[in-house]
Every structure is written in C-alpha cells, then in structure tokens.
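Summary of structural features
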Amino acid sequence: MSRPVVLVTGGSRGIGAAVCRLAAARGFDVAIVYRSETAAAEAVAEACRQAGAAALVIAGDMGVQDEIAAAFEAAARLGPVRHVVNNAGITGRAGRLDATDPDVIRETIDVNVTGAILVAREAARRLATRHGGPGGSIVNISSVAAEIGSPGEYVWYAASKGAIDSLTIGLARELAGDGVRVNAVSPGLTETEIHARSTGEPGRAARIAPLIPMGRAGQPDEIAEAVLFLMGEGASYVTGANLKVSGGR
Ligand code: NAP
C-alpha cells in the first residue's frame, strides 16, 4: 500500500525537522520544504530514508506565492499530498515595538501570516475533495505567544500567530465538508535555533525555562508528537482544534 505524503514547510531545522523524522517513522513519505539550509534539509531527508520513507528536499521561500505553488508541484512527485504542516516561521529580532524597524515587522508578517495563509490556500486547492483532491489534513504551527502577547520581545510575532489561530478556526469550518481537517499546534518555549538565529538571543530558552510551570523548554520531538496525532486517523473527528504543547505555560 502506498504511504501518504506529507509536505512540511520549514522542514530543514527545529520543529519542522522533528515532524519530518517522526512522520517518516510513522509511515509517511515526506516533502521537506526549506528556505536556505540545503545541507540541513538533506540530512533530514537522509534520516527519513533511513526510516524507510521516500523523501524529497524542496527549496522555496514560503512567503512568495510562486515558490509556494512550485513547492507543492514538486512534492507531488512523491504522490498526491495528503497532509500539510504549515510550520515555516520567523520572529524577527527581539525588541519593544516602538524600537523595531518596520522592515522586521513586515518580513515577519510576510512569512508567518501572508505566507502561511497562501500555503493553506494551496493546500485547500489540492486536498479538498471539491477540487478532486484526496482529502487529508492541515496542521498550522501557531504559538502560545498568541495568548501571552510577548510584550518587550516581539508583539508583532505574537500578533502573527493570533492570525494563525483565526485561520485555523475559519478554514477548519470552510473545509469540514471537503474531507480536510484543519488544526493547530501551539508550542510553548521549545529548544530550537529560532532563539539564536531569528530572535537574536542564543540563551533565551535557558533564561525563560524557569518561568515555565514544568521548569524546562520543550524539545522539538515533543511538538512533533502533537502534530502527528492531529494528522492521524486517531484525530478523525478533530478539526478546528488548537493543541497547546507548552509545559503548562
Ligand atoms: P527554526 O529552528 O528557526 O526553523 C525554522 C524553519 O523554517 C527552518 O527550516 C527554515 O528554513 C524555515 N523557514 C524560515 N523562513 C522560511 C521561509 N520564508 N520559507 C521557507 N522556509 C522558511 O524554527 P522553529 O523553532 O523550529 O519554529 C518552527 C515554527 O514553530 C515557527 O512557526 C515558530 O514560530 C513556531 N514556534 C516555535 C517556538 C520555539 O520556541 N521554538 C515556539 C512556538 C512556536 P532554513 O533552515 O532553510 O532557513
């Protein structure tokens, strides 16, 4: 029997890479979409193949419509895409809003909001049974930032994730009759390179860990488990849900 195909945006590192590896181990073939880190994406693909999956790496900027469409087109080489994990995201350098360059805000919204909505649109057009698609699911990666607002750090990023929460609710209802479930996972503080590379604070996870009720940052694999649950048959009646994976935060 053929394995279902999942397309993961931002699959080269962090949470996306963990989703790719776990999906491969759980019986999916994997399209790994990334922006710039080819070697990292190739390493994730190799790990997926070791787990018995077919895997493709696809470079593309998920803030740009043509590149989004091209990524879906390329992924179809593995077979019809059944699941999309809408994960690519950035924070922009941390700071107060009144001290932040408008370009940082614009870039964050371009990728996290416009890009994620365009990825969801492309997924809807290809997955929905009304368009002749096979049905399936979309898992949007939000953040607890949408709830806590991230004052002094990146309120524009928190706002971008608020948009993802609304997207999840609306699209879930829009596609409920089209064989496509739409859910979100809202990670709390998770140990990835986003804090060093995007936020600009390498020690951020260690600094904030004591403030988390469970006293630690999450690991990407712990977020991936929630994503795989929402993709799976066990979640067949779950749509429009937003699963917080945040150590109690
Ligand atoms: P990460 O380690 O920095 O990885 C980000 C991934 O996204 C990389 O694969 C990167 O590709 C890709 N990416 C970034 N911009 C892209 C673009 N324009 N087009 C295509 N790919 C792009 O980040 P992470 O911590 O795993 O975060 C993943 C998601 O979880 C994000 O949506 C983030 O907001 C969310 N999240 C993270 C945390 C946390 O504490 N880590 C908490 C809550 C929510 P390249 O490697 O090729 O650049």
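Above this note sits the structure.
Since the model is a prediction, treat every value here as computed from it, not as a measurement. (Residues numbered from 1 in each chain as written. Predicted model: local features only at pLDDT ≥ 70, side-chain atom pairs only at ≥ 80, totals over all residues. Heavy atoms only, no water.)

Here's the deal with the overall build of the protein
Counted only if it meets this: Put simply, DSSP marks the helices as runs of H or I at least four residues long and the strands as runs of E at least two long, and each gets a number from the N terminus on. Note on method: radius of gyration uses C-alpha positions; expected globular size equals 2.2 Å times residues raised to 0.38. Throughout this description, buried means an accessible area under 20% of the type-specific maximum (1.4 Å probe, protein chains only), exposed means over 50%, and partly exposed covers the range between. The contact definition used throughout considers only heavy atoms, calling two residues in contact when any of these lie within 4.5 Å. Note on areas: Shrake-Rupley, 1.4 Å probe, and residue coverage restricted to the protein chains presented here. Counting rule for charge: Lys and Arg are taken as positive, Asp and Glu as negative, and neither His nor the chain ends is counted. To locate a charge, the coordinates of NZ of Lys, CZ of Arg, CG of Asp or CD of Glu are taken.
Scanning the protein for helices and strands turns up nine helices and seven strands. Taking 18 Å as the expected radius of gyration for a compact globule of 249 residues, we find that the protein reaches 17 Å, a close match to that expectation. Dimensions of the protein along its principal axes, counting C-alpha atoms only, are 50 × 35 × 35 Å. Taking all 249 residues of the protein together, the buried fraction comes to 50%. Here the contacts in the protein between residues at least 6 apart in sequence split such that 72% fall between residues at least 24 apart. Total accessible area on the protein stands at roughly 10,900 Å², and carbon and sulfur atoms take up 53% of it. Each charge sign in the protein was given a centre, from 24 positive and 26 negative side chains, and these centres are 3 Å apart.

Topic: the site of the ligand
Applied cut-off: Proximity is defined per residue: if any heavy atom of the residue lies within 4 Å of a molecule or strand, that residue is considered near it. We define a polar contact as two N or O atoms separated by no more than 3.5 Å, with the added condition that, inside protein, one atom must be a possible hydrogen donor and the other a possible acceptor, whereas residues neighbouring each other in sequence contribute only through side-chain atom pairs.
Taken together, the neighbourhood of the ligand is formed by 31 residues, with S12, R13, S36, Y157 and T192 sitting nearest. The separation between an oxygen atom of the ligand and a polar side-chain atom of S12 is 2.6 Å. Here an oxygen atom of the ligand sits 2.7 Å away from a polar atom, N or O, in the side chain of R13. About the coverage of the ligand: the protein hides 97% of its 900 Å² of free accessible area. Mapped by element, the contributors of at least two residues to the shell around the ligand are α1 (14-25), α6 (155-174) and α7 (194-199).

Quick notes on the packing of helix α4 (residues 102-127) against α6
Note the following rule: Fitting a line to C-alpha atoms yields each axis, with helices limited to the stretch in contact; the angle taken between N-to-C directions then spans 0 to 180 degrees. Any angle from 65 to 115 degrees is called roughly perpendicular, while one under 35 is roughly parallel, one over 145 is roughly antiparallel, and all others are oblique. In a left-handed crossing the near helix is turned counterclockwise from the far helix by less than a right angle, and in a right-handed crossing that turn is clockwise. Under the grouping applied here, Gly and all other residues not named as nonpolar or charged are polar, the nonpolar ones being Ala, Val, Leu, Ile, Met, Phe, Trp, Tyr, Cys and Pro and the charged ones Asp, Glu, Lys and Arg.
Between α4 and α6, the shortest axis-to-axis distance is 9 Å and the interhelical angle comes to 15°. Here α4 lies roughly parallel to α6, going by the angle between them. Here α4 runs over α6; the crossing is right-handed. Contacts between α4 and α6 involve V104, I105, T108, I109, N112, V113, A116, I117 and A120 on the former and, on the latter, W156, Y157, S160, K161, A163, I164, L167 and L171. Partitioning the contact of α4 with α6 into residue classes produces 13 nonpolar, three polar and one charged.

Notes on the packing of aromatic side chains
Applicable threshold: In this scheme Phe, Tyr and Trp rings, the latter by its six-membered ring, pair at centre separations within 6.5 Å, and the angle between planes marks the pair as stacked below 30 degrees, edge-to-face above 60, and tilted otherwise.
What the rule picks out here adds up to one aromatic pair. Centroid distance Y154 to Y157: 4.8 Å. Interplanar angle 65°. Geometry classified as edge-to-face. Overall, Y157 belongs to the buried group, its relative accessible area being 9%.

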